[in-house]
Amino acid sequence: MNQQKPSNAFIGASWAALIVGFAAYNIGLFNATMQLNEKGYYFTILMFGVFSAISVQKCVRDRLEGIPVTSIYYSISWFCTILCLVLLTVGLWNATLALSEKGFYAMSFVLTIFSAIAVQKNTRDSIGGDAPKASQD
């Protein structure tokens, strides 16, 4: 499969979006008046979401490139990604936050997840054919 390497501008924009989304979400949590356990809940959802979304992207890409991925791992990755979106939605729905704060957390979460996927994809595209196919993550 002949993949075109991403441009430096797209790589930079992806990293900038990841840093901005991650920083905004966490600065918002740091400055929030919620209890520490609530802050931990939202932080854990962000970290869980980033990991699971990258895992889904990697599974999809591996399958496209003919690298074996077990169905159970692929399914768990999708389940975890959907689960963290549901947990964030339920948490924000029930939170005693202003609607604008709920929107802020939702949008910075989505920005972080999307840009983490883009950064992972760019990293994979940048190594392109340089990486041996025999080694698996």
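The coordinates are above.
Counting of residues starts from 1 at the beginning of each chain's written sequence and follows it residue by residue. Reporting in this predicted model follows two pLDDT cut-offs: at least 70 for local features of residues, and 80 or more for side-chain atom pairs to be given and counted; totals over whole chains, interfaces and linings ignore these cut-offs and use all residues. Based on all heavy atoms of the structure, the side-chain values leave hydrogens and waters out of the count.

## Re a nonpolar patch on the surface
Then step 1. On the surface, a nonpolar cluster with roughly 520 Å² of combined accessible area is contributed by Val 60, Leu 64, Trp 78, Ile 82, Val 86 and Val 90.
Then step 2. Secondary structure elements are defined from DSSP: runs of H or I of at least 4 residues count as helices, runs of E of at least 2 residues count as strands, and each element is numbered from the N terminus. If you list the elements that add at least two residues to the nonpolar patch, you get helix H2 (36-64) and helix H3 (71-94).
Then step 3. Take the nonpolar patch: its biggest share by element is four residues, from H3. Nonpolar side chains (Val, Leu, Ile, Met, Phe, Trp, Tyr) are joined into patches within 5 Å and like charges within 9 Å, using only residues with over 30% relative accessible area and no salt bridge. For the accessible areas, the method is Shrake-Rupley and the probe is 1.4 Å, while residue cover comes only from the protein chains on display. Throughout this description, the term salt bridge denotes a Lys or Arg side-chain nitrogen within 4 Å of a carboxyl oxygen of Asp or Glu.

## Some points on the nonpolar core
Then step 1. Ranked by size, the top nonpolar core spans 20 residues in total, and within it Tyr 25, Met 34, Tyr 42, Leu 88, Tyr 105 and Phe 109 carry the most contacts.
Then step 2. Secondary structure elements with two or more residues in this core: helix H1 (8-31), H2, H3 and helix H4 (99-127).
Then step 3. Here, two residues are considered to be in contact whenever any of their heavy atoms come within 4.5 Å of each other. Beyond its immediate sequence surroundings of up to four residues, Tyr 105 is in contact with Tyr 25, Gly 28, Leu 29, Ala 32, Met 34, Leu 92 and Leu 97. Nonpolar cores were defined as sets of buried Ala, Val, Leu, Ile, Met, Phe, Trp, Tyr and Cys residues, with membership established by side-chain atoms within 4.5 Å. Note on exposure labels: buried denotes an accessible area under 20% of the residue type's maximum, exposed denotes more than 50%, and partly exposed covers the range between, all computed with a 1.4 Å probe on protein chains only.

## A word on the side chain of Thr 81
Then step 1. Relative to the elements of secondary structure, Thr 81 occurs in helix H3.
Then step 2. Relative accessible area serves as the criterion here: at 11%, Thr 81 is assigned to the buried category.
Then step 3. Once residues within four sequence positions are removed from consideration, Thr 81 is found in contact with Ser 52, Ala 53 and Val 56.

## Considerations on the pattern of salt bridges
Then step 1. Counted by the stated rule, this structure contains six salt bridges.
Then step 2. The shortest N-O distance in the salt bridge between Asp 125 and Lys 121 comes to 2.4 Å. On the criterion of helical spacing, the pair formed by Asp 125 and Lys 121 is a turn pair, its members being four residues apart in helix H4.
Then step 3. What makes Asp 125 buried here is its relative accessible area of 3%.
Then step 4. Overall, the relative accessible area of 35% leaves Lys 121 in the partly exposed class.
Then step 5. Overlapping salt bridges, with partners in common, bring together Lys 58, Arg 61, Asp 62, Glu 65, Lys 121, Arg 124 and Asp 125 in one network.

## Some remarks on H1
Then step 1. For H1, spanning 24 residues, the distance from its first C-alpha to its last is 34 Å, which sits close to the expected 34 Å at 1.5 Å a residue.
Then step 2. The secondary structure elements touched by the buried residues of H1 are H2, H3 and H4. A helix is expected to span 1.5 Å multiplied by its residue count minus one.

## Here's the deal with the environment of Glu 101
Then step 1. Considering the arrangement of structural elements, one finds Glu 101 in helix H4.
Then step 2. We classify Glu 101 as partly exposed; its relative accessible area is 34%.

## Remarks on the packing of H2 against H3
Then step 1. Inter-axis angles, ranging from 0 to 180 degrees, are taken between N-to-C directions of lines fitted to C-alpha atoms, where helices are fitted over the stretch in contact. Across the interface, H2 lies against H3 with an axial gap of 8 Å and an inter-helix angle of 150°. By the angle class used here, H2 and H3 are roughly antiparallel. Seen along the crossing, H2 lies across H3 with a hand that is left-handed.
Then step 2. Residues of the contact of H2 with H3, tallied by class, amount to 17 nonpolar, seven polar and one charged. In these notes the angle categories are as follows: under 35 degrees is roughly parallel, over 145 is roughly antiparallel, 65 to 115 is roughly perpendicular, and the rest is oblique. Crossing handedness follows the turn of the near helix against the far one: under a right angle anticlockwise gives a left-handed crossing, and clockwise gives a right-handed one. Polar here means any residue other than Ala, Val, Leu, Ile, Met, Phe, Trp, Tyr, Cys and Pro, which are nonpolar, and Asp, Glu, Lys and Arg, which are charged; Gly is therefore polar.

## Description of the packing of H1 against H2
Then step 1. Two elements in contact, H1 and H2, have axes separated by 10 Å at closest approach and are oriented at 170°. As far as their axial angle goes, H2 and H1 are roughly antiparallel. Residues Phe 22, Tyr 25, Asn 26, Leu 29 and Phe 30 of H1 pack against Lys 39, Tyr 42, Phe 43, Leu 46 and Met 47 of H2.
Then step 2. For the contact of H1 with H2, a count of residues per class yields eight nonpolar, one polar and one charged.

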